[in-house]
Amino acid sequence: MLFIVKGGPEGGKSGNRIAASGHKGADQGKITVEVGMAEVGAKVGSNADGVEKVLLGSNEAVLMTYKKENKPDFYWIVWVKNGSDLEYSVRAQGETVSKQELIKIAKQLNEAK
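Rules and cut-offs
Residues numbered from 1 in each chain as written. Predicted model: local features only at pLDDT ≥ 70, side-chain atom pairs only at ≥ 80, totals over all residues. Heavy atoms only, no water. Helix = DSSP H or I, 4+ residues; strand = E, 2+ residues; numbered from the N terminus. Buried < 20%, exposed > 50% of the residue type's maximum accessible area, 1.4 Å probe, protein only. Contact = heavy atoms within 4.5 Å. Areas by Shrake-Rupley, 256 points an atom, 1.4 Å probe, with all protein chains shown as cover. Salt bridge = Lys/Arg side-chain N within 4 Å of Asp/Glu carboxyl O. Expected span 1.5 Å × (residues − 1).

Focus on the overall build of the protein chain
So, step 1. A tally of helices and strands in the protein chain yields 1 helix and 7 strands.
So, step 2. For the protein chain, the succession of helices and strands along the chain, N to C, is β-β-β-β-β-β-β-α.
So, step 3. Classification of the 113 residues of the protein chain by burial places 30% in the buried group.
So, step 4. Across the protein chain, the fraction of contacts at a sequence separation of at least 24, relative to all contacts at a separation of at least 6, is 31%.
So, step 5. With an accessible surface of roughly 7400 Å², the protein chain has 52% of that area assigned to carbon and sulfur atoms.

Written as structure tokens, this is what we have:
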């Protein structure tokens with residue numbers, strides 16, 4: 001698996017985020033990981049079709065599932081590291097990884113950070 005890491009543009013809203021895209025191979029999709037400074041007091045909402053809490057080590061996270069007609073589900077996990085201002089997220093199309101595989105990847109990232 002290949003990972004590409006990049007920072008956001010200076011001074012922009014995403015200027016404090018780092019994204020890593022992992023490619024499973026040609027035409028197999030990608031897994032995107034982002035790490036950035038959590039915005040204190042930011043209001044968060046989602047138009048997800050399904051939301052569930054998952055435990056990543058001692059950190060709680062939210063797994064959101066988005067469904068579109070005739071397309072694979074899209075999964076997005078977001079969590080904030082305990083004791084810091086960093087926010088982590090990992091997301092992928094269902095054709096790239098299953099929901100259980102994405103949770104496993106998030107757990108591995110949680111252990112590695």
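From this point on, the discussion continues.
A look at the pattern of salt bridges
So, step 1. As enumerated under the stated definition, the model contains 4 salt bridges in all.
So, step 2. In this structure, the salt-bridge partner of Glu-52 is Lys-99, at a minimum N-O distance of 3.1 Å. Within this pair, whereas Glu-52 is found in strand S4 (residues 50-56), its partner Lys-99 is found in helix H1 (residues 99-112), the two being separated by 47 residues in sequence.
So, step 3. Overall, Glu-52 belongs to the partly exposed group, its relative accessible area being 34%.

Some thoughts on H1
So, step 1. Compared with the 20 Å implied by 1.5 Å per residue over 14 residues, the 20 Å span of H1 between its first and last C-alpha is a close match.
So, step 2. Residues of H1 that are buried make contact with strand S3 (30-37), S4, strand S5 (59-66), strand S6 (74-80) and strand S7 (86-93).

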